[in-house]
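What follows is each chain in one-letter form.
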Amino acid sequence: MTLEVTSNDKQNQSATCPTFHMEILKGISKKEFKERCTQCAAVSWGLTDEGKYYCTSCHNVTERSKEVVNTGAIPNTKIQAINRGLKRKRKLEKGWDWYVCEGFQHILYQQAEALKTLGVGPELKNEVLHNFWKRYLQKSKQAYCKNPVYTSKRKAPVLEDNPSHSDWDSEPELLSDFSCPSFVESGAESQPDVHTQKPFPIIKASQSETASICSGSVDGVEYSLRKEKGIVKMTVPRTLAFCCLALLWQRETITLSDLLRFVEEDHIPYINAFQHFPEEMKLYGRDKGIFAIESWPNYEDIYKKMIEIATFLDLPRFPDITEDCYLHPNMLCLKYLMEVNLPDEMHNLTCQVVKMTGIGEVDFLTFDPIAKMAKTAKYDVQAVAVIVVVLKLLFLLDDNLEWSLSNIAEKYNEKNKEDKPWFDFRKWYQVMKKSLDEKKQKWEETRAKYLWKSEKPLYHSSIDKSVVCKRREMVVNLQKQFSTLVDSTPTIGKKSPSSFQFNWTEEDPDRTCFHGHSLQGVLTKKGQSLTTKNSLYWLSTQKFCRSYCKHVTTYEESNFSLSYQFIINLFSFLLRIKTSFLHEEVSLIEKRLFKTKYSKTKKKSSRSRKVRKY
Amino acid sequence: MQKSMSDFSEELIKSTTEDDQGERCELSGTGMHFPWLQKHIETVATGGKKEKDFAQTTSACLSFIQEALLKHQWQQAAEYMHSYLQVLEDSDSCKRQAAPEIIWKLGSEILYYHPKSNVEAFNAFADRMKNIGVMNYLKISLQHALYLLHHGMLEDANRNLSQAETWRYGEKSSSQEVLINLIQAYKGLLQYYAWSKKKMELSQLDKDDYAYNTASQNMLDHSWKTSVNLGALIQIPGVWDPFVKSYVEMLEFYGDQDGAREVLTNYAYDEKFPSNPNAHIYLYNFLKREKAPREKLISVLKILYQIVPSHKLMLEFHRLLRKSEKEEHHKLGLEVLFAVLDFAGCTKNITAWKYLAKYLRQTLMGSHLAWVQEEWSSRKNWWPGFHFSYFWAKSDWKEDKALACEKALVAGVLSGKGCRYFRYISKQDHQVFRKKIKRMKKLVKKYSIINPGL
């Protein structure tokens, strides 16, 4: 399955040309001039306007000049680009000319790379995300269109003066051809394929002089002021929405909650992702507001952004989510049953609930942004909600029945030590409570120790530059001092990413595994089939809010049984979502499951919270 | 280095206006604040905007540090401190400005106790923290000096104080002025210490020795410098006990009795100064040394009696009052004894009981029954249970028989023969105390204020 981007072939070609500005510079310094700097002994060379080498660490300029090699048929391409970048001396810091969207492109690139190391197929980066991004640039009129925003305003006259440029030449060099690594890998990364380069368009002559006073990027100031209706502006959180859309398109085995957890655990670049921009992409002033982030992503927020972007990009219907997909509720239920240490036998029941509610249908699960009401299932939250409903069906969770059923199971297990044990809710609760508390404590501790500030300090203007830098230096020094007081054995080692957060074994009594336990104690034979012993049920939400306040329920914890609170807490911690969010999803599943009851209660306005099952 | 650091401080202050307009809040100068209210106001000001995770995790980090310190887990505290230092880079200028003081307090605590820490580490930390922001320079310098004193590094402490003394930043705020005075006073205290050592040496020298003259000359120089340093601070209302004491000692040594008296009188009687028992004790001791008239001494101790009626000088006060010619003083003498024994810490003070027993007899002999009744009326409800219980009788007799006899006499006189304490003691048969107990019984019979007929 491939995604087609509606743009002409020419553009596609040029966009897929892999070129690495960064690589070129590296290539130059590595291949041609490896001597140590006479002043500071570093081997880190840049080129001046005159094509002479200068040391990037001490700014010592040498007499050696660059001999243009490897330029082939088009000699005025890359090296000129570098020179042009260095010409902007009026800026606070010398560096390349780069556009904000290139920054985002770089972040997306890093994130895609990170996903690849997490085991996601390379197509995600090379095809899907790449095409989504191109489509975004096109839709937001930044490139791949007749009148990109940057050229249409100020540079139009320049272009007219330059009739030799064809249409596609006029697109700004901000596309993957320039200064940013492209998504698509080339065979020989270190050997940039200069021959496929288009001639460098001579635009933005006088434009950045004024703008760059307040930002390192060419269009930082413009970008932060830009407020066009109907345009979804790129932000750092939206990069994750892009990633998640790409994962969904590829039907990968990473859910949104997984993705966000990986971000929090630093497996996917997000906070301070700009740190890894090439050295020459300087950030300051307005760039700070655009790229600096001081919060972790939030599930609901990213979820909303996913839909927003998919709609904005006008994406076609996504590939079908069928029963064999990881994102299908049956699969996810299986995964989460294992994760929270519940008996495998429960899967049978979750499958039934999925079937009865219809949430396993392809049409329900498949994301279709063009549909009237664009929405996608919250796959992970929904699967977990199904498990909660099944737990309520089996144990009622009224702080009473679950314990009396536990007594029966306990007695049975004592008498029949050889048999497959009956699932004992109390024992499970004790094991889970302990594990959850430990995990939560650890989680809070790691969060408290999180280092937010980047090694590259960001400043607003030249006035506060020195202060910000000194402050950073001070913090680094103080941190050094306190790190000597910490045990030398590093305890904060990065956890390796895993889609499971718990693990259960038979051996350790604190981590007893309940997967193999049987549900016999809570089911009875009725004719040929098994039904639950418990015939009662209570609805998590009696009435749904019908106003426009966007939430359909409220979750006032104290109104609910302690068991229910515990279950909701456990699962919402697992997904790192708010408890009310999960409660709402449980209510929505119940709404589908007890359709008739809901319509009846509406008519009778019955006060009873108890509804007979089936 | 020093210079560039202070420049940094200036810039730091300037730069706060650059960042985050609208998120500023003024710290009140009164030193009183409601942290929760502050927080509440902040969220209101930002329109209930969700707190950033950065703010949330750093405040969690702070609680973890506090918890670790409470549990003496220095290592963990250091680990969290490593992360907490980020608040120095907080984009919220209000929090950023409050951060250095918090970091200094917590960090110095960690470095003081952490087993891997040492003086060098502490010095490095203090020097760094002094130069973040301007408001903390003096406070940290002073605390740094105290730390060095703790470690016996007097010279380093002195150097530190001298450096702080000369530090100036723009217009000094009033709080900073007090700090400068305090720093000077501590310097003075250090000089006093050196002087005191010299005095010791001097006392061991022969007066006719050649070395004696140079040494005494040396001391003279010292004294002059010190008095300048100490004198300024003790003019300001406050509790300056060690400074006053050493200052007075030096004044006295050089024969400036008037100066010393003036300092002490001012310290004790100036109404701007907080009520301070030690001020009166110092003055009393000075006057005693001076052999001041009894009347004068009594007037000083009268004030001390009002502040600390249980002070051990009260027995001395009683003696003075007893010896006085005035009748009102005699009455006060009784009051003072009763008041001393009101305190749980004095219940086993045999001298107090002895005085009371003797003075009760004397008072009653002098037919001042009314005085005794006056004192006793407010105590008869609780003294029997407090002092004269069966339990105390038993334990006092076991521990200190002499005390038990004195107490029994008082008990008998005040609560009559039926008193449990008296009864218990009077029944005891002991070779040494037989005579005493017999006499006690006789006295009780004669003087008891309780009419046996009633």
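For clarity, every value in this text was computed on a predicted model and none was experimentally measured.

Calculation rules
- Residues numbered from 1 in each chain as written.
- Chains lettered and ligands numbered in written order.
- Predicted model: local features only at pLDDT ≥ 70, side-chain atom pairs only at ≥ 80, totals over all residues.
- Heavy atoms only, no water.
- Helix = DSSP H or I, 4+ residues; strand = E, 2+ residues; numbered from the N terminus.
- Buried < 20%, exposed > 50% of the residue type's maximum accessible area, 1.4 Å probe, protein only.
- Contact = heavy atoms within 4.5 Å.
- Areas by Shrake-Rupley, 256 points an atom, 1.4 Å probe, with all protein chains shown as cover.
- Axes fitted to C-alpha atoms, helices over the stretch in contact; angles between N-to-C directions.
- Parallel < 35°, antiparallel > 145°, perpendicular 65-115°, else oblique.
- Left-handed = near helix turned anticlockwise from the far one by under 90°.
- Nonpolar A, V, L, I, M, F, W, Y, C, P; charged D, E, K, R; others polar.
- Domains from an automatic or database assignment.
- Buried area = accessible area lost by both parts, 1.4 Å probe.
- Salt bridge = Lys/Arg side-chain N within 4 Å of Asp/Glu carboxyl O.
- Polar contact = N/O pair within 3.5 Å; in protein donor to acceptor, adjacent residues only side chain to side chain.

Right, let's talk about the overall build of chain A for a bit. In terms of helices and strands, chain A carries 22 helices and seven strands. Counting over 614 residues, chain A shows a buried share of 54%. For chain A, restricting intrachain contacts to residue pairs at least 6 apart in sequence, the fraction spanning at least 24 positions comes to 75%. Working note: accessible area of chain A is about 28400 Å², and carbon and sulfur atoms make up 52% of it.

Residues and elements named next belong to chain A. Along the chain, the position of V353 falls in helix α14 (residues 346–357). Residues V353 and L593 lie 240 residues apart in sequence; the distance between their C-alpha atoms is 7.5 Å. With near-sequence residues (within four places) excluded, V353 lies in contact with V386, V390, L393, I589 and L593.

Residue and element names in this part refer to chain B. Relative orientation of the contacting elements helix α3 (residues 53–70) and helix α5 (residues 93–113) amounts to 25°, with a least axis distance of 11 Å. Overall, the two elements α3 and α5 adopt an arrangement that is roughly parallel. Crossing of α3 against α5: the hand is left-handed. Along its contact with α3, which presents A55, L62, I65, Q66 and L69, the element α5 presents K95, I102, L106, E109 and I110. When the residues that make up the contact of α3 with α5 are grouped by side-chain class, the tally is seven nonpolar, one polar and two charged.

Let's shift gears to the domain arrangement of chain A. Residues and elements named next belong to chain A. Assigned domains of chain A: these are domain 1 (2–82), domain 2 (100–312) and domain 3 (331–445 + 502–606). Taken together, the two surfaces of domain 2 and domain 3 that pack against each other cover about 1400 Å², and 62% of this comes from carbon and sulfur. Together, Y299, E300 and Y303 form the three largest contributors to the area buried by domain 2 at its contact with domain 3, with a combined 36%. For the pair domain 2 and domain 3, the interface holds two salt bridges. Here D258 ties to K335 by a salt bridge, and the two come within 3.9 Å at their closest N and O atoms. Scanning the region where domain 2 abuts domain 3 turns up five residue pairs in polar contact (both at pLDDT 80 or more). Counting only elements with at least two residues in the side of domain 2 that touches domain 3, the list comes to α9 (236–250), α10 (256–264) and α12 (299–313). Ranked by residue count, the leading element in the side of domain 2 that touches domain 3 is α12, at six residues. Taken together, the residues that form the side of domain 2 that touches domain 3 break down as seven nonpolar, three polar and five charged.

So, about the interface of chain A and chain B. In this complex, chain A contributes 37 residues to the contact, which on the side of chain B involves 41 residues. Roughly 3700 Å² of surface becomes buried between chain A and chain B when both sides are summed, with 60% attributable to carbon and sulfur atoms. On the chain A side of the interface with chain B, the three residues burying the most area are A:R471, A:F482 and A:L485, jointly 20% of the side's total. Taken together, the connections running from chain A to chain B amount to two salt bridges. On the surface where chain A and chain B come into contact, there are 17 residue pairs in polar contact (both at pLDDT 80 or more). Mapped onto the side of chain A that touches chain B, the elements with two or more residues apiece are α18 (425–448) and α19 (462–483) of chain A. Looking at which element gives the most residues to the side of chain A that touches chain B, the answer is α19(A), with 15 residues. Looking at side-chain class alone, the side of chain A that touches chain B contains 13 nonpolar, twelve polar and twelve charged residues.

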